Structure formats: C-alpha cells, structure tokens
Amino acid sequence: MELRINQQTYQVEADADTPLLWVIRDDLGLTGTKYGCGLAQCGACSVLVDGNVVRACVTPVAGVVGREVTTIEAIEADAVGKRVVAAWVEHQVAQCGYCQSGQVMAATALLKHTPKPSDAQIDAAMINLCRCGTYNAIHAAVHDLAQGEQA
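In this text, all values refer to a predicted model and were calculated from it rather than measured experimentally.

Scoring rules and cut-offs
- Residues numbered from 1 in each chain as written.
- Predicted model: local features only at pLDDT ≥ 70, side-chain atom pairs only at ≥ 80, totals over all residues.
- Heavy atoms only, no water.
- Axes fitted to C-alpha atoms, helices over the stretch in contact; angles between N-to-C directions.
- Helix = DSSP H or I, 4+ residues; strand = E, 2+ residues; numbered from the N terminus.
- Parallel < 35°, antiparallel > 145°, perpendicular 65-115°, else oblique.
- Left-handed = near helix turned anticlockwise from the far one by under 90°.
- Contact = heavy atoms within 4.5 Å.
- Nonpolar A, V, L, I, M, F, W, Y, C, P; charged D, E, K, R; others polar.
- Pairing = 2+ DSSP bridges.
- Buried < 20%, exposed > 50% of the residue type's maximum accessible area, 1.4 Å probe, protein only.
- Expected span 1.5 Å × (residues − 1).

Engineer: Kindly report on the packing of helix α2 (residues 79–90) against helix α3 (residues 100–113), identifying the contributing residues and their values.
Structural biologist: It is the contact of α2 with α3, at a shortest axis distance of 9 Å, that shows an interaxial angle of 130 degrees. Here α2 is positioned oblique relative to α3, judged by the angle of their axes. The handedness of the crossing between α2 and α3 comes out as right-handed. Two secondary-structure elements touch here, α2 through Val 80, Gly 81, Val 84, Val 85 and Trp 88 and α3 through Gln 100, Gln 103, Val 104, Ala 107, Thr 108, Leu 111 and Lys 112. Residues belonging to the contact of α2 with α3 are distributed by class as follows: 7 nonpolar, 4 polar and 1 charged.

Engineer: Summarise the sheet that holds strand β1 (residues 2–5); cite the residues concerned and give the values.
Structural biologist: The sheet built from 5 strands is open, its strands ordered β2-β1-β5-β3-β4 with mixed pairing. Every interior strand has two partners, whereas the edge strands, β2 (8–11) and β4 (52–55), have only one. When the angles between neighbouring strand axes are averaged without regard to direction, this sheet yields 40 degrees. Sheet topology note: the strand β3 (residues 46–49)/strand β5 (residues 68–70) ladder contains 2 bridges and is antiparallel. Bridge pairing in β5 links Leu 48 to Thr 70. Each of β3, β4 and β5 is contacted by α3, which is oriented at about 35 degrees to β3, the strand it contacts most.

Engineer: Give a detailed account of the environment of Pro 19, specifying residues and quantitative values.
Structural biologist: Assignment of secondary structure puts Pro 19 in the loop between β2 and α1 (20–27). Residue class for Pro 19 comes out partly exposed when judged on its relative accessible area of 22%. Considered as a pair, Pro 19 and Gly 63 are 44 residues apart in the sequence and their alpha carbons are 9.6 Å apart. Aside from chain neighbours lying at most four places away, what touches Pro 19 is Ala 56, Cys 57 and Thr 59.

Engineer: How would you sum up the pairing of β2? Please name residues and give values.
Structural biologist: Where β1 lies against β2, 4 bridges are found, and the strand directions are antiparallel. Bridging from a neighbouring strand, Ile 5 pairs with Gln 8 of β2. Count of turn residues in the β1/β2 antiparallel hairpin: 2 residues, of which Asn 6 carries a positive phi of about 55 degrees.

Engineer: Give me the lowdown on helix α5 (residues 135–146), citing residues and values where you can.
Structural biologist: Look at α5: 16 Å from first C-alpha to last across 12 residues, which is about the 16 Å you get at 1.5 Å a residue. Buried within α5 are the following residues: Ile 138, Ala 141, Val 142, Asp 144, Leu 145 and Ala 146. In this structure, the buried residues of α5 make contact with α2, α3 and α4 (119–125).

Printed below as a string of structure tokens:
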C-alpha cells in the first residue's frame, strides 16, 4: 500500500490491520515515534494524521492510506511545530524524554487548531502521560506559545 508520511510517499508491504506505529518504526525506520502502552492510553506513539493527533499503536495502517501522516522527525518543517520544539527547549520540558515526541505532536495539533487556547483547552488537549511528571513545564510552554510569548 502507498503511504504519505512526512511529505514523502512510501510503498509498504503490511497487513491492513498492522498498527501504523510498527510500519513507521520497523518498516520505515522512523524511530522518534515511541511505543508506550500499546493501548492508546499514554500518547507516546502520537502522530498527526491530516493535522489531528492519533495514537499510532492502535491505528490500522490501512486507515491512513490517502492521508498525510506527520511524525516527530518532520515536525520542525511546520512553523507551529518548530515553535513548539523551541518552547520545549526554552522551558527545559524533557527529563527522560521518552514521551516528549508525543507531547510535542499533541501541542502542535492543539496550537494549529486553536492558536490561542485557554488554560482549560490546554489541559484538555495535553493528556499524554509523562512518568517524569513534566506537566507543569509542558503547560507553561504551551501557555507561553498560546500567549505569543515564544518565537
């Protein structure tokens, strides 16, 4: 099947119900998207599909044929994604970093859909799990971006 990932077209041989995560990581070698829980609960596997956050661990690869998938490897090619990454660095969000690709994807999707989200909207959108507990830094980074305080 033909997939469009990070603005490139790939031909992949996979069963239709293979999770997108395994195609991204194992077949294409894009390992920035992480396996966390395998149950769509933690968000480590978050990618953007047509600009919306999806959990790649439970998304069948056949469900993204004809759609645009963006992984963390290409997020800085997007102006909003680039700003999110810069805010993450400025706020020193990452600790172990394992969940952060999913966090960045969620923040980017939020800010692309709602450029000036309220604190409640930030809290509702930023639901990925972080075992290091960087939630305050994540919220501060997204809040600053929403207020236009980041480049």
